[in-house]
Structures are given as structure tokens and as C-alpha cells.
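This is what each chain is made of:
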Amino acid sequence: MGFSTDAIHAGNEPEATTGAVSVPIFQTSTYVQPELGRHKGYEYARTGNPTRRALEENLAVLERGAAARCFASGMAAISAVATLAKAGDHVVVSDNTYGGTFRLYSKILAHMGVEFAFVDTRDSRNVERAMRKNTRFVHLETPTNPMMSLCDIPAIAAIAKAGGALVVVDNTFATPYFQRPLELGADIVVHSTTKFLNGHSDSVGGAAISKTKELDEWLGFVQNAAGAILSPFDSWLVLRGIKTLAVRMDRHEANGRAVAAFLDRHPKVRNVFYPGLASHPQHELAKKQMGGFGALISFETGSYENAKAMLDRVKICSLGESLGGVETLITHPATMTHAAVPEAERARLGITPGLVRVSVGIEDEEDLLADLDGALSAL
Ligand SMILES: Cc1ncc(COP(=O)(O)O)c(C=O)c1O
């Protein structure tokens, strides 16, 4: 089936007793069993819930995986995947991931005996150099947050495979509409469903989609054993959001391209980081492994004072953390999303005090350009 057909129909079977076209929110903690030793596939709602199951089936189809598991947040999904590594194992990570991923790995799992190598995954050879005998998995984010650099998924997957390691890709920014890492050689895809998948800034959630049943079995075990499950209502919200994913992503991207081109020409903006710009150093790779460039753009205003002045002036763009909602969200990575990354590391990565990140929404393009122009022209 085509992507939009799958987005609307996969997992979304009409409800058996009434024919309800929308999967019901099964707001229950347990299920009555007809007799001892017999049940209808559900025993307890931490272990399984039909609304969550519908979303998991939908995501498995969209990401072309064997199965999916949904969690209480993107970080809960990443935490579940991280349990693939045990004390003494080694993990290679993009040095430019979401700050919360860096914090989870460097401040929690490192203290539990897992070793991490944070490397510049724009160059696949850095992954090759970092690989060790005990490397359990390679965690990639592409495009990265907030510098919008890319990792060559097939090249890194080949390196990881040769070293006996798995590849995990955080596909939050691109979504399966623009990029399908499992088809490019990855083993697990993780998402913050909080972002584009739900798309309406009204739910926090996460997902992990596995290429094989074996990997999914472990993640299902962890989901039940550790218990960080997505609620029935949030599962329903994400299922509903995904039905319009394709049309939203098309509009996000059209606006994203227009905003990137506008910022690129603006005299008050120094650098624009967007894989859709021909000047982006990995533009060719973006064209090869992505079906579209998305709606996340970072740009350099030159100083904290400039960033603050423009962020204080925008009216339609909402100043806030997060991304991927229908409304344009604008953020200051150094003090907001990436405050958990040490200052020296931020400087090395290019997360300067003047850097601003925008998640372009689906408002009218001319209103967004006018809002940004008004805020920037005051600098
Ligand atoms: C790329 C990426 N991955 C993971 C996360 C974590 O997701 P959540 O906030 O749903 O825990 C975020 C959050 O911003 C993110 O941007």
C-alpha cells in the first residue's frame, strides 16, 4: 500500500462489536477472563492494551519493521533500547544528539558500567575507528539536533554489521514519511512520538520499531518489566495524528524550504543549517537517503543578545522547547534543549549562544516569513 493508505488503515481495523471507524480508547487496567487459564489476548494493561497495540501495528508498517513498542516518552523508548547493552558493553553515539539522549547515556548508563564513545558521525570513518570488540550498538540521529548534520545510514550500518553491532536510528526529525532507516540497514528505529508523528503538541510519547521479531521480543519484555508504557489516550492521539502525517509533512516541508531560503538571503543571518539547501555540506546525501528535507532549521544570529532580541520579538513563532507540531516553534538550543550538554562541548558542536532553531509549522508561509523578518530586522 502507499504511505498515506497505510498511515490511515494499518492497525486501524473497525472495532469488532460496533464497527466504530476510530479505534476506541480502551481505558481499562485489566480484562475479565471467561474462565481460569483462558483469555482474549489481553490480561493486564501494562502488558497489553488494544489502543496501544493498534498504534504499534501502524508504526511497524510505516517503518517497515517486524513489530513496534510504544513508550511513555521518546526518552522511555531510548531507555528501553539502551537495555540491549549491559555492564562492560560499549556503545557508539552521534556526538550531536538530542541533549536528553546525551544526558541519559553520559549521566545514567555510564554509571551502570556501559562505556560510550561520542563521535562525529557525519564521517562514517569515525564510527569505524570507534568500534570495539564489545560494541553492542551504534546510536545515530539523522538529521541531528540542532545542527542538522546527517549520518550515512547504509555506510554506518555496514561498519556496525562487520563489527557485530546493531544500529539504532532516532528518526524523530524525518519521520517514516521522509526516511526509513530499517530499509537502509538499521536494526531499530526510535521516535519521540511527541513530535511530528502526533503532530499537535498535545501528547508526550515514544516508540521503538524493530527489524526482527527477536529484537521486538526483548523490547516487549522490557516494556512490560520496566513499565514505561504509552497510555491508551496518548496512543489514540498519536494514531489520530498519524492519519494526517503525509499531508502535514508535505506542508511542513514546503514551509521549511521557504523559511530556509528566506533565512539564507537575510542580511542579519550568518549561517543556515538545513539539509535542503544546496550549500549544506551533506545535501547530496540528504537527496539520496531522505524523501524530503523536513522542517527543522537552525541559524546563526551572531550573539546571545541577537538571539534573545529576535526570540523576544517573534509573534507567530512560539518560543518553546519541542518541535514537530502544526504551530511553528522556535527555540534557543544553548539554554533550552541542549542546556544538558557541557558548554565546551556545545561550543565544539557549533551550538553557540547565537544559534536559534525553528521547527516550521503549517501556518501560511507569508505570515511566517513576515514574522521572522520583523524579528530579525530589529537586530
Ligand atoms: C530527536 C529527539 N529524540 C528524542 C527526544 C526525546 O523525546 P521525549 O521528549 O518524547 O522524551 C527528543 C525530544 O526533544 C528529540 O528531539
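One can find the structure itself at the top, above this paragraph.
To start, this report covers the structure provided alongside it.

Re the overall build of the protein
Alright, step 1. Scanning the protein for helices and strands turns up 14 helices and 12 strands.
Alright, step 2. Taken over the C-alpha trace, the protein has a radius of gyration of 21 Å; the compact-globule value for 379 residues is 21 Å, and the two agree within 12%.
Alright, step 3. With respect to the principal axes defined by its C-alpha atoms, the protein has extents near 75 × 50 × 35 Å.
Alright, step 4. Residues classed as buried in the protein amount to 57% of the 379 residues present.
Alright, step 5. Excluding contacts between residues fewer than 6 apart, the proportion of contacts in the protein whose partners are at least 24 apart in sequence is 73%.
Alright, step 6. In the protein, the 37 positive side-chain charges and the 42 negative ones have mean positions that sit 3 Å from each other.

Thoughts on the site of the ligand
Alright, step 1. Close contacts around the ligand come from 15 residues, with Gly74, Met75, Asp170, Ser192 and Thr194 the closest.
Alright, step 2. The separation between an oxygen atom of the ligand and a polar main-chain atom of Gly74 is 2.8 Å.
Alright, step 3. Between the ligand and the protein, one listed contact pairs an oxygen atom with a side-chain N or O atom of Lys195 at 3.0 Å.
Alright, step 4. A total of 390 Å² of accessible area belongs to the ligand in isolation, and the protein chains cover 91% of it.
Alright, step 5. Of all the elements, helix H3 (residues 74-82) adds the most residues to the shell around the ligand, at 3 residues.
Alright, step 6. Among the residues forming the shell around the ligand, the class breakdown is 5 nonpolar, 7 polar and 3 charged.

Re the nonpolar core
Alright, step 1. If you look at the biggest cluster of nonpolar residues, it comprises 77 residues, and the most contacted ones within it are Leu59, Leu263, Ile297, Phe299, Met310 and Ile330.
Alright, step 2. Apart from the residues lying within four places of it in its own chain, the contact partners of Leu263 are Val269, Val272, Ile297, Phe299 and Leu376.
Alright, step 3. One finds Val81, Val114, Val168 and Leu219 within the second-largest nonpolar core, a separate group that totals 25 residues.

Concerning the side chain of His139
Alright, step 1. As for its placement among the helices and strands, His139 is situated in strand E4 (residues 135-141).
Alright, step 2. The contacts of His139, once residues within four sequence positions are left out, are Ile78, Val92, Val93, Ser94, Thr97, Thr101, Tyr105, Val168 and Asp170.

Side note on the sheet that holds strand E5 (residues 166-170)
Alright, step 1. Strands sit in the order E1-E7-E6-E5-E4-E2-E3 across an open sheet of 7 strands; the sheet is mixed. Bordering the open sheet on either side are strand E1 (67-71) and strand E3 (115-119), each of which pairs with just one other strand. Between one strand axis and the next, the sheet turns by 20° as a mean value, whatever way the strands run.
Alright, step 2. By the bridge criterion, 5 bridges tie strand E2 (residues 90-94) to E3 in an arrangement that is parallel. By the bridge assignment for E3, Val92 is matched with Ala117.
Alright, step 3. Of the strands in this sheet, E1 and strand E7 (206-210) are in contact with helix H2 (residues 50-62), which crosses E1 at around 130°.
Alright, step 4. Together, E2, E3 and E4 form the strand contacts of helix H4 (residues 99-109), whose direction differs from that of E3 by roughly 150°.

Basis of the calculations
Residues numbered from 1 in each chain as written. Predicted model: local features only at pLDDT ≥ 70, side-chain atom pairs only at ≥ 80, totals over all residues. Heavy atoms only, no water. Helix = DSSP H or I, 4+ residues; strand = E, 2+ residues; numbered from the N terminus. Rg over C-alpha atoms; globule rule 2.2 N^0.38 Å. Buried < 20%, exposed > 50% of the residue type's maximum accessible area, 1.4 Å probe, protein only. Contact = heavy atoms within 4.5 Å. Lys, Arg positive; Asp, Glu negative; His and termini not counted. Charge placed at Lys NZ, Arg CZ, Asp CG, Glu CD. Near = heavy atom within 4 Å. Polar contact = N/O pair within 3.5 Å; in protein donor to acceptor, adjacent residues only side chain to side chain. Areas by Shrake-Rupley, 256 points an atom, 1.4 Å probe, with all protein chains shown as cover. Nonpolar A, V, L, I, M, F, W, Y, C, P; charged D, E, K, R; others polar. Core = buried A, V, L, I, M, F, W, Y, C linked by side-chain atoms within 4.5 Å. Pairing = 2+ DSSP bridges. Axes fitted to C-alpha atoms, helices over the stretch in contact; angles between N-to-C directions.

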